[in-house]
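In case you want the letters, here they are:
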Amino acid sequence: MKIIIINGPNLNLLGKREPEIYGSKTFEDYYRELQLKFKNVEISYFQSNIEGEIIDKLHEVGFSFDGIVLNAAAYTHTSVAIGDAIKGIEKPVIEVHISNIHAREEFRQHSYVSPNASGVIFGFGLKGYDLAIQSFL
Ligand code: DQA
């Protein structure tokens, strides 16, 4: 089984960025834990701060991988284009957010990803990625 985690803007700063919201672990460390936990799953990881690169990656994997775990970060709330890209591909996308976006600012409560996602997980910290992978198994 081939699964990809796609992280959007500023998530490369995990571990340093607002640790009271996002925790103090780097995503690279967490990714290694996931690879050890899900030994029988081929998990890839892609992060970009650039909207078009996230769209290109969705197009690249969206017809061949078994599942996509997407945290589009701030683009979740702004990007019609990422929403359209998810609509345009075949494979299921699970939307993940580390924080509880519904307990935060008003602008975080709208998502262009959710209407096109197979499922949405938020508010569980990094564990949300683990839960998303489990949902594909
Ligand atoms: C986030 C929530 C978004 O609102 C925010 O812009 C992020 C991270 C999360 O994982 O909680 O960058 O997607």
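Just above sits the structure.
Quick summary incoming for the structure in this document.

Calculation criteria
- Residues numbered from 1 in each chain as written.
- Predicted model: local features only at pLDDT ≥ 70, side-chain atom pairs only at ≥ 80, totals over all residues.
- Heavy atoms only, no water.
- Phe/Tyr/Trp six-rings, centres within 6.5 Å; stacked < 30°, edge-to-face > 60°.
- Helix = DSSP H or I, 4+ residues; strand = E, 2+ residues; numbered from the N terminus.
- Buried < 20%, exposed > 50% of the residue type's maximum accessible area, 1.4 Å probe, protein only.
- Contact = heavy atoms within 4.5 Å.
- Near = heavy atom within 4 Å.
- Polar contact = N/O pair within 3.5 Å; in protein donor to acceptor, adjacent residues only side chain to side chain.
- Nonpolar A, V, L, I, M, F, W, Y, C, P; charged D, E, K, R; others polar.
- Salt bridge = Lys/Arg side-chain N within 4 Å of Asp/Glu carboxyl O.

1. Some thoughts on the packing of aromatic side chains
No. 1: Counted under the stated rule, the structure contains five aromatic pairs.
No. 2: Considering the side-chain rings of Phe-27 and Tyr-30, the 5.9 Å spacing of their centres and the 65° angle between planes classify their relative orientation as edge-to-face. Of this pair, Phe-27 and Tyr-30 both sit in helix 2 (residues 27-37), three residues apart, which is roughly one turn of that helix.
No. 3: Since its relative accessible area comes to 7%, Tyr-30 is described here as buried.
No. 4: Judged by centre distance (4.9 Å) and plane angle (65°), the rings of Phe-27 and Tyr-129 are edge-to-face. Here the residue Phe-27 occupies a position in helix 2, and Tyr-129 occupies one in helix 5 (residues 127-136), the gap between them amounting to 102 residues. There is no split in this pair, since Phe-27 and Tyr-129 are both buried.

2. Some points on the environment of Ala-117
No. 1: Inspection of the secondary structure puts Ala-117 in the loop between strand 4 (93-97) and strand 5 (119-122).
No. 2: Residues Ala-117 and Ile-82 lie 35 residues apart in sequence; the distance between their C-alpha atoms is 11 Å.
No. 3: Not counting residues within four places of it along the chain, the set of residues in contact with Ala-117 comprises Val-93 and Glu-95.

3. A look at the site of the ligand
No. 1: All residues adjacent to the ligand are Arg-17, Tyr-22, Asn-71, Ala-73, Ala-74, His-77, His-97, Ile-98, Ser-99, Ile-101 and Arg-108.
No. 2: Interatomic distance of 3.0 Å between a side-chain N/O atom of Arg-17 and an oxygen atom of the ligand.
No. 3: Note that an oxygen atom of the ligand is positioned 2.7 Å from one of the backbone N or O atoms of Ile-98.
No. 4: Looking at side-chain class alone, the shell around the ligand contains five nonpolar, four polar and two charged residues.

4. Considering the pattern of salt bridges
No. 1: The final tally for this structure, using the stated rule, is eight salt bridges.
No. 2: With a closest N to O distance of 3.9 Å, Glu-105 and Arg-104 form a salt bridge.
No. 3: Two residues, Arg-108 and Glu-105, come together in a salt bridge whose shortest N-O distance is 2.7 Å.
No. 4: With relative accessibility at 16%, the residue Arg-108 sits in the buried group.
No. 5: A cluster of three or more residues bridged by salt bridges with shared partners is formed by Arg-104, Glu-105 and Arg-108.

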